[in-house]
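Survey of secondary and tertiary structure
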Amino acid sequence: MKPKYQVIIEDIKSNILSGIYGVGEQIPTESALQDKYQVSRQTVRKAILELSNEGFLRSEKGSGTYVSGQYRSKSAGNSNKKTIGVITTYISDYIFPSIIRGIEGRLNEDNYSLLLASTNNDVAQEKKALEMMLSYGVDGLIIEPTKSNLYNPNIAYYLSFKEQDVPFIMINAYYEELEVPFFCLDDVQSSYLATKELISKGHTQIGIISKMDDLQGKYRMKGYIKALGEAKLRFHPEQVLSYDTETKPDLSAALKKFLNENRDDLTAIVCYNDEVGLEVVNGCRQLGILIPDELSIIGQDNSYIAKNANIKLTTLTHPQEQMGRDAADWIIKKLQGRKDLPNNTYYQPVLIEGETVKEMEVQ
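The shown structure was predicted, so the numbers you read here are calculated from the model rather than taken from an experiment.

Below, the discussion takes up the side chain of Ser-191. Within the element layout of this structure, Ser-191 appears in helix α8 (residues 187-200). Those residues in contact with Ser-191 that sit more than four places away from it in its chain are Ile-208, Arg-220, Gly-223, Tyr-224, Val-270 and Gln-300.

What follows is the structure, given as structure tokens:
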């Protein structure tokens, strides 16, 4: 359990960094803080002293305690080297190392520092990452949104960056509540092309597995539905398996159940990404379903795990390293004063043929 003074420190910091208490604004009195946290005056004063030492607060005798902006200069130091914050959902998994490599490569060319944090697709961890970036006083920020298809409770922190004229850009997805520049794969087109490829090979019973708390999943579902509609194929809700960050650990079991229930109907599945595609491959092997003879599979993202798998997965491209490099380049040019930068960029996917799709025989 945290000491009571530490709880006060964290709450006041959050209120400052999210803009609830602005620079120069007076915070509640010691008596009010005592009542709010049910602590002694000594505990309140200990918290205020530490926040003052860190540059978050300043006290004026006989007047009160006010928000100070000194924490930014304390954190950033006197270095002239600019620092770009990078917040991703994951660091070492799937396509993220390639994205980070692209960012780091471009920042190094102009002698920028990188401050890295990950959220594990958890909004509480995103809050901590944003507070760290605001406390440090980063010069710019590249963010991969957390649970981008859901309401985000950390919007106030992003607005604080805007108020402080700290440029930021989003990658892979964005928050629809915010007007923010972004670099994204055209996820609708990616799933559309995957579904269209299966249709062109004679498949009419096509399922989809998609992650629905991220915007990519929403748009990949949209592309799948679009391709079915154009081909005048019926959408079957029972041929859709959805999951989210919390249920992902149970995906393997849910997947086997899904495959069993649809064994006599489905001939193909569009997968949210390559990771899911290879989960389907493993599930089929355990159930004795032959790929592609009995079930065709298409992944998405052309990830390193697909390239290194013992089966060549049919998939679609994702820019990965190029996206990271472009995002870093955008931030650098923005800090240099460029006004003609794009507000959003969509990369177009390309199908990569593998060995997991079979052409259906004409009946």
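Right, picking up where we left off after that structure.
Consider a sheet: its strands pair through backbone hydrogen bonds, and that pairing is either parallel or antiparallel. A sheet is described by the order of its strands in space; here six strands give the open sequence β4-β3-β5-β6-β7-β13, paired in parallel fashion. Unpaired on one side and paired on the other, β4 (113-118) and β13 (344-347) mark the two borders of the sheet. Across the sheet, the mean angle from the axis of one strand to that of its neighbour is 15°, orientation sign disregarded. Along the sheet, helix α5 (residues 96-109) contacts β3 (83-88), β4, β5 (140-143) and β6 (168-171); its crossing angle with β4, the most-contacted strand, is approximately 160°. Seen against the sheet, helix α13 (residues 321-335) touches β3, β5, β6, β7 (182-185) and β13 and runs at an angle of roughly 170° to β6.

A word on the environment of Val-67. Its location among the elements puts Val-67 in strand β2 (residues 64-67). The spatial distance from the C-alpha of Val-67 to the C-alpha of Ile-27 is 7.1 Å, given a sequence separation of 40 residues. Excluding residues that lie within four positions of it along the chain, Val-67 makes contacts with Ile-16, Tyr-21, Gly-22, Val-23, Gly-24, Glu-25, Ile-27, Phe-56, Leu-57 and Arg-58.

Its location among the elements puts Ser-303 in the loop between β11 (296-298) and α12 (304-307). Here Ser-303 falls in the buried class, since its relative accessible area comes to 0%. Aside from chain neighbours lying at most four places away, what touches Ser-303 is Tyr-94, Ile-95, Asp-274 and Gln-320.

Another point: the sheet that holds strand β8 (residues 206-211). Ordered in space as β9-β8-β10-β11, the four strands form an open sheet in which the pairing is parallel. Since the sheet does not close on itself, it has two edges, and those belong to β9 (240-243) and β11, each with one partner. Strand-to-strand, the axes of this sheet are offset by a mean angle of 15°, without reference to chain direction. Sheet topology note: the β8/strand β10 (residues 268-271) ladder contains four bridges and is parallel.

Summed over the entire model, instances satisfying the criterion amount to nine aromatic pairs. An aromatic cluster is defined as three or more aromatic residues linked by ring pairs; in this entry it consists of Tyr-158, Phe-161, Phe-168 and Tyr-175. Seen from the ring of Tyr-5, Lys-46 lies directly overhead, with NZ or CZ sitting 4.1 Å from the centre. Between Arg-220 and the ring centre of Tyr-272, over which it is positioned, the NZ or CZ distance is 5.5 Å.

Let us now look at the UniProt feature "domain: HTH gntR-type" (unreviewed entry) in the protein chain. Mapped onto this numbering, the UniProt entry gives "domain: HTH gntR-type" (unreviewed entry) at residues 2-70. Structurally, residues 2-70 is divided into 52% helix and 12% strand, and its ends, taken at the C-alpha atoms, are 26 Å apart.

Okay, the nonpolar core next. By size, the foremost hydrophobic cluster in this structure holds 46 residues, and its most contacted members are Leu-57, Phe-161 and Met-170. With six residues, the top contributor of residues to this core is helix α1 (residues 4-17). Not counting residues within four places of it along the chain, the set of residues in contact with Leu-57 comprises Ile-12, Ile-16, Ile-27, Ile-48, Leu-51, Ser-52, Thr-65, Tyr-66, Val-67 and Ser-68. Leu-241, Leu-251, Leu-259 and Leu-266 belong to the second largest nonpolar core, which has 23 residues in total.

Let us now look at the pairing of β3. Counted residue by residue, β3 has six buried out of six residues, so it is predominantly covered. Both faces of β3 are covered, namely the face carrying Thr-83, Gly-85 and Ile-87 and the face carrying Ile-84, Val-86 and Thr-88. As judged from the four bridges shared by β3 and β5, these two strands associate in the parallel manner. Note that in β5 the partner of Ile-87 across the bridge is Ile-143.

Thresholds applied
Residues numbered from 1 in each chain as written. Predicted model: local features only at pLDDT ≥ 70, side-chain atom pairs only at ≥ 80, totals over all residues. Heavy atoms only, no water. Helix = DSSP H or I, 4+ residues; strand = E, 2+ residues; numbered from the N terminus. Contact = heavy atoms within 4.5 Å. Pairing = 2+ DSSP bridges. Axes fitted to C-alpha atoms, helices over the stretch in contact; angles between N-to-C directions. Buried < 20%, exposed > 50% of the residue type's maximum accessible area, 1.4 Å probe, protein only. Phe/Tyr/Trp six-rings, centres within 6.5 Å; stacked < 30°, edge-to-face > 60°. Lys NZ or Arg CZ within 6 Å of the ring centre and 35° of its normal. UniProt positions renumbered as here; feature names shortened; annotations may be inferred. Core = buried A, V, L, I, M, F, W, Y, C linked by side-chain atoms within 4.5 Å.

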